[in-house]
Amino acid sequence: MLDQTSHTETSRDTDASSFDSTAELLAPLPDEIRRHLYYTLGIHENESDPSYCYSALATAVRDRVVPYWRETRHRFRESTERRVHYLSLEFLLGRSLNNAVQNLDLDAEARQGLHQYGVTLEEIAEEEHDAGLGNGGLGRLAACFLDSCANLKLPVAGYGIRYEFGMFHQFIEDGRQVEAPDHWLRDGNLWEIERPEHTKTIKFFGHTERCFDEKGTPFSRWVGTHDLLAVPYDMPIPGYKNETVNTLRLWKSEATETFDLEEFNSGNYPDAVVQKNNAEQISMVLYPNDASENGKELRLKQQYFLVSASMQDVLEKWVDQYGEDFTDFGRLNCFQLNDTHPACAVPELMRLLMDEHKVDWDSAWQITTRCMAYTNHTLLPEALERWSVALFSRLLPRLLEIIYEINERFLTQVAKKHPGDTELRRRVSLIEEGDQPHIRMAYLSIVGSFSVNGVAALHTELLKNGLFSDFYRIWPEKFNNKTNGVTQRRWLSHCNPGLRNLLYDAIGTEWESDMQHMKKLVPFADDAGFRHKWQDVKLQNKRRLAEYVKSHTGVEFMESAMFDVQVKRIHEYKRQLLNVLHVIHLYDRISRGDTKDMVPRCVLIGGKAAPGYHVAKLIVKLINNVASVVNADPKTKDLLRLVFFPNYRVSSMEIICPGTELSEQISTAGKEASGTGNMKFMMNGAVTIGTLDGANIEIREQAADENFFLFGLDAKGVVEAKKHYDPNAIIAGDADIQRIMELLEGGAFNQQEPGIFDLLTKGIRSGYDQWLTIADLRGYINAQAEASKTYSDQDKWNRMSILNSANSGWFSSDRTIQQYADEIWGAKPLQDS
Ligand SMILES: *Cc1c(COP(=O)(O)O)cnc(C)c1O
């Protein structure tokens, strides 16, 4: 944490101009590192271990970040252009040091400074804990978006929760996933500054009272509440060599003093301490469910906590700048809701405007619907959030009142447009009726927003014509697509320095801030000399990955084998099972001596299973068991390896994706909204084997059909196939698949543990298998064979690899964010001061 000065933020802002040059105040970085070792950390040069070197360098780098940060905040505050607030329950940031070093162009100086202590930048970067405040794709997307907003100098602030415990640490014991808490803040966090002066009070429980003002107009009061505090911690988000540093504001929950005092005075000291802990529970832990909701009370508290604190923060800044006139609030502010998790923003903004700022309903609604925008991330029914009315009325009674009124007015409007269609009204109601009525958070988000977007072309089409078709008919103009992207700064430049340097030599450096320039690489695919260099870079990255795998699993990867990788959350729809079935097929071929022309493969699978998701955890166990058998069999030597890579996270992906040759993107068509792992692999020159799902479709369009290994049913085919799906008939009619099932069901991978995989084998044999694993297996095996055949022609493979990378520009999150800015936010870059 930075030292707190007694100055208020505003007083520091006013003298910002006298500190606008970093060079005037700070010595060269190597001297600053030494200074921080001596004075900040109080140690002797010869005592400096990597952890002290990390702290000294990180503090020195942060000192370079801070002046730009203060300047950017100053310009943000002064600006009269539209501001954007990105609301997300998850930000999967990973590490910050390397990112800041890269974006402030301090690499050479940092290395020079560390040299005197005999450590490398790579070594000390390992000292930093990942900020794992997210589950997977959705949280990592938020992090890539913040990076791109800063790169484009857009006035965008992130708002999230400062979870004390981020994504759990995954250990593998006896092949099974074991979870351990991730206490990422244990050694302190140099990348945050506490801002206690911007603390907010958050209300829970209590009840509402109907009151009348002097003119006799009725209004509601939310009283008898249990309050707690939201304390902000700001993290810097540096732009790429552009003197811009945006802010991610994360809220920590704390007990209110008044709350505690009451208890102290009543002589109930222990209870008061317990109450304090209760208040702190809200920001204690990230819920580890990816693509499924679990309806826990604490989760709803987290959602409201984030939303209320952030909306109050934005309104407070508004009132500071414009007073109590909210006429232009909607025009000058935009809230982007990252899925329905922050959907309470709709009724909360209404509440604050009406109850706290005396705005009437119609004006408040006009403002709210002018500034809310909602991004949908999934079509999976189990992921659609619904909160029980009973829970809502106990926790957030005033919000429930407002939601009821929004619904009443909305349904009246629908009735006017479609008189007599009561069925339509029942379908689109924000309240799902039943003996346990629930609030449909997606519908609340749609009704309250001016923009609803999906995250890949196919996904948006499926939203319009499937899940949200009634709403699409009512408001076609609200719906739009924003295909996801990833930041090439982290996912190419930083994680793949070998490729970055090769690209510098070949096509220059512009692609780092504008990925359209990657297209310049296309002609190099025909240059044999370049293809050689390309292959050599890949080989270096494969060696680095092999070492990493060896040190974390003990398994040796052969550097001449094809590196075949599937890393992502473990979920049935992502079909890690399909991957395992193919590995079993290769193992069966080896066992039978059918190895003529077999291309050696090293298969890596990694990812976390939600702790309560039994089937996903069983898939982890199966992967580990198959790996044990395959790797221990001398016949597989030089031909096949399988590992389950433990504790997959951002910093491991930074080593995995540069070393990958074949990217597995094999979800059941229509289930993966977009995927972003697929994009990281493509940028780094992996070729995709995949279904026509999510952004795979666009990857194939960009790379061209011949540079993509396609297989399987498409989204329509999936719907069709389910009507008469008979996996047992497919198995019986295919000798290869039959043998795979015989190995699996005959206990080849669970000799000591009979029956443990029955749930999985029964699942894939069931006519009701939602994921159609067996339906796609033959196509998958054939596409894998095609990939192997292509790989044995290395020249051809390298061509495909180069063309994938060269055509990956579309998947930069800079492109995505430029589209959000132009088509949803109407946001312009902050002017330089
Ligand atoms: C990119 C990324 C994801 C998303 O992967 P998908 O394959 O799109 O599901 C998940 N986790 C981490 C750590 C990532 O970096």
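Quantities reported herein were computed from a predicted structural model and do not represent experimental measurements.

A. Summary view of the overall build of the protein. The secondary structure content of the protein amounts to 35 helices and 25 strands. Here the C-alpha radius of gyration of the protein, 28 Å, is about what a compact globule of 833 residues would show, namely 28 Å. With the principal axes as the frame, the protein shows a C-alpha extent of 90 × 75 × 60 Å. Expressed as a percentage of its 833 residues, the buried residues of the protein come to 60%. In the protein, 78% of the contacts between residues at least 6 apart in sequence involve partners at least 24 apart.

B. Expanded view of the packing of helix H24 (residues 576-591) against helix H31 (residues 735-745). Interaxial distance between H24 and H31 falls to 9 Å at its minimum, and their mutual angle equals 100°. Looking at the two axes, H24 sits roughly perpendicular to H31. Between H24 and H31, the residues in contact are Leu581, Ile584, His585 and Asp588 and Asp736, Arg739, Ile740, Leu743 and Leu744, respectively.

C. Quick peek at the UniProt feature "modified residue: N6-(pyridoxal phosphate)lysine" (unreviewed entry) in the protein. As annotated in UniProt, the feature "modified residue: N6-(pyridoxal phosphate)lysine" (unreviewed entry) corresponds to Lys680 in the numbering used here. Within the secondary structure, Lys680 is located in helix H27 (residues 677-683). Judged by relative accessible area, Lys680 falls into the buried class, the value being 6%. If sequence neighbours within four positions are ignored, Lys680 has contacts with Arg140, Val486, Trp491, Met653 and Cys657.

D. Fine view of the pairing of strand E2 (residues 91-94). Residues of E2 alternate between two faces, with Phe91 and Leu93 on one and Leu92 and Gly94 on the opposite face, all of them buried. Both E2 and strand E3 (residues 131-133) contribute to a ladder of 3 bridges, which runs antiparallel. Each bridged residue has a counterpart across the sheet, and for Gly94 the counterpart in E3 is Ala131.

E. Highlighting the confidence of the model for the protein. Looking at the protein, the pLDDT average stands at 95 and 97% of residues meet or exceed 70. The model gives residues 1-19 a pLDDT under 50, and that stretch makes 32 contacts with residues more than four places away or in other chains.

F. Representation of helix H8 (residues 137-151). For H8, built from 15 residues, the straight-helix expectation of 21 Å at 1.5 Å per residue is met to within 8% by its first-to-last C-alpha distance of 21 Å. Within H8, 14 of the 15 residues are buried, leaving the element largely enclosed by the surrounding structure. A positive phi of about 55° marks Lys153, the residue just after H8.

G. Representation of the sheet that holds strand E24 (residues 687-690) within the structure. Taking strand neighbours across the sheet as the criterion, the 6 strands line up as E22-E21-E20-E23-E24-E25 in an open arrangement whose pairing is parallel. In this open sheet, the two strands that pair with only one neighbour each are strand E22 (640-645) and strand E25 (709-710). With 6 bridges joining them, strand E20 (residues 562-567) and strand E21 (residues 601-606) adopt parallel strand pairing. Bridge assignment links Phe563 to a residue of E21, and that residue is Cys602. Running over the sheet, helix H25 (residues 614-632) touches E21 and E22 and is turned about 145° from E22.

Analysis parameters
Residue indices follow the written sequence of each chain, beginning from 1 at its first position. In view of the model being predicted, local features appear only for residues whose pLDDT reaches at least 70, and side-chain atom pairs are presented and counted only at 80 or more, with totals across whole chains, interfaces and linings using the full set of residues. Excluding hydrogens and water, the side-chain figures rest on all heavy atoms present in the structure. Secondary structure is summarised from DSSP: a helix means a run of H or I of at least four residues, a strand means a run of E of at least two, and numbering begins at the N terminus for each. Put simply, the radius of gyration uses C-alpha atoms, and a globule should come to 2.2 Å times the residue count raised to 0.38. Exposed residues in this analysis have more than 50% of their type's maximum accessible area, buried residues have under 20%, and partly exposed residues fall in between, with area computed by a 1.4 Å probe over protein chains only. Throughout, a residue-residue contact means that at least one pair of heavy atoms, one from each residue, lies within 4.5 Å. Under this scheme, a helix contributes an axis fitted over its contacting stretch, all axes are lines through C-alpha atoms, and angles between N-to-C directions fall in the 0 to 180 degree range. The labels follow the angle: roughly parallel below 35 degrees, roughly antiparallel above 145, roughly perpendicular from 65 to 115, and oblique for the rest. UniProt positions are given in the numbering used here, feature names are shortened, and annotations may be inferred rather than shown by experiment. Only when DSSP finds a minimum of two bridges between them are two strands counted as paired. Confidence scores here are pLDDT values: one per residue, from the predictor, ranging 0 to 100. A helix is expected to span 1.5 Å for every residue after the first.

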